[in-house]
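So you can see what is in the structure, the chains are spelled out below.
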Amino acid sequence: MSADSWAPLSPAERAVAIEVLTQGPVSRSEIARKLNLSAGSLTRLTKPLIEAGLLVEGVAPAQTPATSRQGRPSQPLDIVADSRHFAGFKITADTVYGVVTTLKSDIVAHRALPLATRAPDAVAALLHEMTDGFARDFPRLAGVGVGIGGHVRDRADVVDSPFLGWTDVPFAALLERRVGLPVVAENDVAALVEAEAWFGAGRGLDRFAVLTIGAGIGYGLVIGGRLVPSAEHGRGIGRHWIINPHGPLTPDGTRGSAVALLAIPSIRYQVRAATGRDHGYDEILALAAAGDPPAARVIDEAAHALGTVVAQIANFAMPQKILLAGEGVGLVDVAGPAIHAAIRANRHPLADPIDLETKISDFNDWARGAAVLAIRTLVLGGPVDRP
């Protein structure tokens, strides 16, 4: 293993690297305790990681007379964050958002370009152009992650992407041939969930759930620090998540489904059907806050639906925290009381309180999720958590 070319990590090396990556700087004694390793075994495992430039020994804390008598304190280990950079991309129906992150997932550059056509070759060419631009500024660019709104098999072949009109497109291989770097593709919600589990709201939690609201509805569950695999990822789970069987029928979801009630296009469709005018999502939220009857009715139904979904997740998955993310979570600011009333109505009165966190995610956050996926898969050799 060299500083310029990392060999695949062994399972034991990977466990050490993940611990330092997600918790560092962290002492050797803490790593040994968590991973049940002897001091000698930990030294053997960390030596090649330090030589490769992946880990670095930090500065030991200042000694006091008491600690001096106890011997030399353990130097903490940390990831060399800027030893490699990773590109992450989020593909929407009309724009590609790209970021560059460090090994610790900090965004150090970002760019967005319009998507003139959704043809796979053309999209790959656009990502190639953006990757080349990133590589000029970050010559140690080590890999690429791509988040796509669709079902992705083996982090390589897009089986179904309704937003892009793709079927069985081997997009990772297509892009890899162009950029000359390892490429990983994944469902965008799954990538976002893994990023939050590693570096965000779910860091250090054993059970953690993410619910996203935007162009569609996304859901992911982390147990034991790993995303629970599901064949439904990217296949429109929200279309069949029935909240109110007598609820609205929209073009993109079953009657009364989470998508029909909560997705931004559905909310806009309902208000347009009631008023005959087209309104943006933020405008609808403002109208509802001001008491406009059609907007207020639609937003109230959406709030009840969101509270019901959150309660159902808490009832059955029992996560330590639920993160609400996506460009649609401004709903919480406008209709918070109605959301929490629906949560209470669907929970046992003695149930534990829900730790509910809200994060308005822009598309750079989604692109960061794809970069984190590349870090996990390409650097650490993480297993593919897909069926």
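Remember, predicted model here, so these are calculated numbers, not experimental data.

1. Some words on the sheet that holds strand β4 (residues 95-101)
Step number 1: Read from one edge of the open sheet, five strands run β5-β4-β3-β6-β10, paired in mixed fashion. Two strands lie at the open edges of the sheet, namely β5 (107-114) and β10 (183-187), each paired on one side alone. The mean angle between the axes of side-by-side strands here comes to 20 degrees, regardless of whether they run parallel or antiparallel.
Step number 2: Sheet topology places β4 next to β5; seven bridges connect them, and they run antiparallel. Bridged to Val100 within β5 is Ala109.
Step number 3: The strands touched by helix α13 (residues 363-379) within the sheet are β3 (85-91), β4, β5, β6 (141-148) and β10, with β3 carrying the most contacts at an inclination of about 130 degrees.

2. Comments concerning the nonpolar core
Step number 1: Counting residues in each nonpolar core, the largest one holds 40 residues, and the members touching the most others are Leu211, Trp241, Ile299, Leu306, Ile313 and Leu331.
Step number 2: Listing elements by their share of this core, those giving two or more residues are β11 (207-213), β12 (217-223), α8 (258-262), α9 (264-275), α10 (281-289), α11 (293-317), β14 (321-325) and α12 (331-345).
Step number 3: Broken down by element, the residue count for this core peaks at 12 residues, all from α11.
Step number 4: Those residues within four positions of Ile299 in sequence are excluded, and the remaining contacts are Ile267, Ile284, Leu285, Ala288, Leu331, Val334 and Ala335.
Step number 5: Formed by 39 residues, the second largest nonpolar core is a distinct cluster that contains Phe86, Val193, Ala371 and Ile375.

3. Overview of the sheet that holds strand β15 (residues 356-359)
Step number 1: The strand order β13-β12-β11-β14-β15 describes an open sheet built from five strands, whose pairing is mixed. The two strands at the open ends of the sheet, each matched to only one other strand, are β13 (226-227) and β15.
Step number 2: Where β11 lies against β12, seven bridges are found, and the strand directions are antiparallel. Across the sheet, residue Ile213 finds its bridge partner in β12, namely Ile217.
Step number 3: Across the sheet, helix α7 (residues 188-199) touches β11, β12, β13, β14 and β15, and the angle it forms with β11 is around 135 degrees.
Step number 4: Each of β11, β12, β14 and β15 is contacted by α11, which is oriented at about 160 degrees to β11, the strand it contacts most.

4. Topic: the packing of α9 against α11
Step number 1: Running from amino to carboxyl end, α9 crosses α11 at an angle of 150 degrees, the nearest separation of the two axes being 9 Å. Here α9 is positioned roughly antiparallel relative to α11, judged by the angle of their axes. You can see that α9 and α11 cross each other, and the crossing is right-handed. Across from Ile267, Gln270, Val271, Ala274 and Thr275 in α9, the residues of α11 making contact are Pro294, Ala295, Arg297, Val298, Ile299, Glu301 and Ala302.
Step number 2: Split by residue class, the contact of α9 with α11 holds eight nonpolar, two polar and two charged.

5. Things to note about the side chain of Thr131
Step number 1: On the secondary structure map, Thr131 appears in helix α5 (residues 120-137).
Step number 2: Excluding residues that lie within four positions of it along the chain, Thr131 makes contacts with Phe89, Leu141, Val144, Val179 and Leu181.

6. Regarding the side chain of Asn187
Step number 1: By secondary structure assignment, the location of Asn187 is in strand β10.
Step number 2: Reaching out from Asn187, the side chain makes a polar contact with the backbone oxygen of Gly150 at a distance of 3.0 Å.
Step number 3: Here the side chain of Asn187 touches Val189 through a polar contact of 3.1 Å, landing on its backbone nitrogen.

7. Thoughts on the confidence of the model for the chain
Step number 1: On average, residues of the chain score 87 in pLDDT, and 88% of them reach the 70 mark or higher.
Step number 2: Contacts of residues 1-5 to residues separated by more than four positions or lying in other chains number 15 contacts, the stretch itself having pLDDT below 50.
Step number 3: A low-confidence stretch, residues 382-387 (pLDDT under 50), is modelled with 26 contacts involving residues beyond four sequence positions or located in other chains.

Definitions and limits used
Residues numbered from 1 in each chain as written. Predicted model: local features only at pLDDT ≥ 70, side-chain atom pairs only at ≥ 80, totals over all residues. Heavy atoms only, no water. Pairing = 2+ DSSP bridges. Helix = DSSP H or I, 4+ residues; strand = E, 2+ residues; numbered from the N terminus. Axes fitted to C-alpha atoms, helices over the stretch in contact; angles between N-to-C directions. Contact = heavy atoms within 4.5 Å. Core = buried A, V, L, I, M, F, W, Y, C linked by side-chain atoms within 4.5 Å. Buried < 20%, exposed > 50% of the residue type's maximum accessible area, 1.4 Å probe, protein only. Parallel < 35°, antiparallel > 145°, perpendicular 65-115°, else oblique. Left-handed = near helix turned anticlockwise from the far one by under 90°. Nonpolar A, V, L, I, M, F, W, Y, C, P; charged D, E, K, R; others polar. Polar contact = N/O pair within 3.5 Å; in protein donor to acceptor, adjacent residues only side chain to side chain. pLDDT = per-residue confidence, 0-100.

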